[in-house]
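What follows is each chain in one-letter form.
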Amino acid sequence: MAHTRTAPAGTPLGDSFHLYDTTLRDGAQGEGISYSVTDKLTSARLLDSLGVGFIEGGWPGALPKDTAFFQRAATELDLRHAALVAFGSTRKAGRRADQDPQVRALLDSGAPVITLVAKTDRRHIERALRTDVAENCAMVRDTVRFLVSEGRRVFLDGEHFFDGYADDPDTALRVLEAAMAAGADVSVLCDTNGGQLPGRLAEIVAEVIERTGFRIGIHCQDDTGCAVANTIAAVEAGATHVQCTANGYGERTGNADLFAVIGNLATKLDMPVLPRSRLAELTGTARSLAATAHVSPDRYQPYVGAAAFAHKAGLHASAMKVDPGLYQHIDPDVVGNESRILVTEMAGRASLELKCLQLGFDVQDTEAVSRVVARVKQLEADGWSFESADASLALLLHDELGNTPTGQNAPRRLPPVFTPLTYQVVERHDTDGRVVSEASVRLRVERQPEADNGPFATADTGEVTATAEGDRPVAALDAALRRALAPRLPWVTETALADYSVRVLDNASGAPALTRVLVVSRDAEREWTTVGVHASVVVAAMLALRDALTYKPLGDTLSAKRPDRVLPAR
Ligand SMILES: CC(=O)SCCNC(=O)CCNC(=O)[C@H](O)C(C)(C)COP(=O)(O)OP(=O)(O)OC[C@H]1O[C@@H](n2cnc3c(N)ncnc32)[C@H](O)[C@@H]1OP(=O)(O)O
Ligand SMILES: CC(=O)C(=O)O
């Protein structure tokens, strides 16, 4: 079995700098992560397409799934940028390398590159391996020599290097020397326990390069929260091979996050670690790799998180209106992310003006903007939240701004598509243990004037009723509303409830607790979010669902008016 490439072809720095990904080995050691072989193949394709130089696929021989991954990779992966790497340990003490089943499994994987993990800390050699330094060095030397003689490129992961170097530097260096003398290409200094800080770590990296002249790599766990900082410090001290994992997945607190490391190297140190065109794929790739790991993307992740360029404070927005660079460390476009303006109780006029533009409104009436700011502050104090409920905010803006997106300046309140007359939701407990919510609604369909609602206009008003079931009260209410409205307002069937959340809010004043319901709706083109707040979850849901349907015609008009860019270019 053979994998086609033996050296990374795609990184602009060629072999002089290694971007090495260990998501599929160390990332898989993260709590809650379990890749199928297919997940691994998909992840490898994503990493290759991004342009990393090396993809560590797993430990063949130790995990049957990893053995299967390398077998399938040989026929199913056509890597364009990356070389595939198999990870594993050296021969065991007292065995021949060519007869050690673990070492043979590495060879049999067909991977052109093999990373061997070896102990460099005397205490581990003596207490965990139960051998001496001389035999440990022989294990490393024999295994590297054998694999190199079989035509493989070998990297050495020096486990516990920084702790070992602090305790007994000569032993730590002897292990690296054994590997390099036998033909290894890179000595990777591993902060296995993740206890290092950037200052001392960088000093050690520089010292090791000075004393040995070896090519040095870095592998940092994140136990001090410094894995990315340590990786960057190591590069500044002379390391030319960085091992990282997608989104920082990995043993315990994880590893250095590949995307933060790439972002820092490319935009702060000006190192072309990826082809320029691929840098803009960073955000999309991070999210796709979260999906293949079956975990939610981290919205607070540097560079690629949804919140990485989200601006909430009014003072920030007011400066960003002049120059986004005043509150952003880079242009988010560079890494494929985007700026977002959040409107909450912390908004000022500038936040609202930017949001208006983003939503597709003309902003002419600055007094109206101030009124909206005051209304939002008061509503948020009363438990409402507009941060993600853009559609409810758009309805509020439409009321207050008095201008329609078509440029007419007649203040008017957008009529809701219906008025609830009476409604209830009851819970039914079936004999088989199923719990079902049943909703009944009686509504008045409101007249929708042509000027406001274009193709959604209707004069066919009057009372309608319906009953429907759902697995929860919000879903049942939504189903009943749609059933009642559909005969009069057929467009309602083109929209659907995509998601919702219910949160009970503390009420410090001792009044009954409030419930906030956020409803996400969708049609064929987009999603929008609305909010309702009330002591009753059913009333809160009705408010959010009514906004959701009332917004649909307005949203269609607004979306045609949305500019590509709201903030000035940098
Ligand atoms: C720092 C890191 O994250 S390195 C990556 C670690 N990853 C993993 O451990 C995941 C995969 N591991 C496994 O599937 C299993 O642990 C295996 C297959 C490797 C070994 O399983 P077992 O044979 O049952 O041994 P066990 O896990 O209990 O102990 C590890 C053995 O490897 C030895 N060992 C540990 N490190 C090394 C090393 N660098 N070189 C050689 N042998 C080593 C230990 O001394 C121990 O040997 P012993 O069985 O003679 O006591
Ligand atoms: C090799 C490795 O994963 C470590 O030392 O942390």
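As recorded by an unreviewed UniProt entry, the chain carries the name Citramalate synthase and is attributed to Streptomyces lasiicapitis. The Catalytic activity (unreviewed entry) field of the UniProt record for the chain holds the comment "pyruvate + acetyl-CoA + H2O = (3R)-citramalate + CoA + H(+)". As stated in UniProt under Sequence similarities (unreviewed entry), the record for the chain gives "Belongs to the alpha-IPM synthase/homocitrate synthase family."

Undergrad: Explain the site of ligand 1 residue by residue, including any values.
TA: Around ligand 1 sit 18 residues in total, of which Gln-29, Val-117, Ala-128, Leu-129 and Arg-130 are the nearest. Side-chain polar atom of Arg-130 to an oxygen atom of ligand 1: 2.9 Å apart, as the coordinates give it. If ligand 1 stood free it would expose 1000 Å²; the protein chains cover 54% of that surface. Elements supplying a minimum of two residues to the shell around ligand 1: strand S3 (83-89) and strand S4 (113-119). Among the elements that make up the shell around ligand 1, the one with the highest residue count is S4 (3 residues).

Undergrad: Tell me about the packing of helix H10 (residues 258-267) against helix H12 (residues 282-292), and name the residues and values.
TA: Contact pair H10 / H12: the axes reach a minimum separation of 10 Å and the direction vectors enclose 170 degrees. When the axis of H10 is compared with that of H12, the two are roughly antiparallel. Between H10 and H12, the contacting residues are Phe-259, Ile-262 and Gly-263 on the first element and Leu-282, Thr-285, Ala-286 and Leu-289 on the second.

Undergrad: Could you give an account of the packing of aromatic side chains, naming the residues involved and the relevant values?
TA: Tallied over the full model, the rule gives 9 aromatic pairs. Above the face of the Phe-87 ring, Arg-25 is positioned so that its terminal group lies 3.8 Å from the ring centre.

Cut-offs used in this document
Residues numbered from 1 in each chain as written. Chains lettered and ligands numbered in written order. Predicted model: local features only at pLDDT ≥ 70, side-chain atom pairs only at ≥ 80, totals over all residues. Heavy atoms only, no water. UniProt positions renumbered as here; feature names shortened; annotations may be inferred. Near = heavy atom within 4 Å. Polar contact = N/O pair within 3.5 Å; in protein donor to acceptor, adjacent residues only side chain to side chain. Areas by Shrake-Rupley, 256 points an atom, 1.4 Å probe, with all protein chains shown as cover. Helix = DSSP H or I, 4+ residues; strand = E, 2+ residues; numbered from the N terminus. Axes fitted to C-alpha atoms, helices over the stretch in contact; angles between N-to-C directions. Parallel < 35°, antiparallel > 145°, perpendicular 65-115°, else oblique. Contact = heavy atoms within 4.5 Å. Phe/Tyr/Trp six-rings, centres within 6.5 Å; stacked < 30°, edge-to-face > 60°. Lys NZ or Arg CZ within 6 Å of the ring centre and 35° of its normal.

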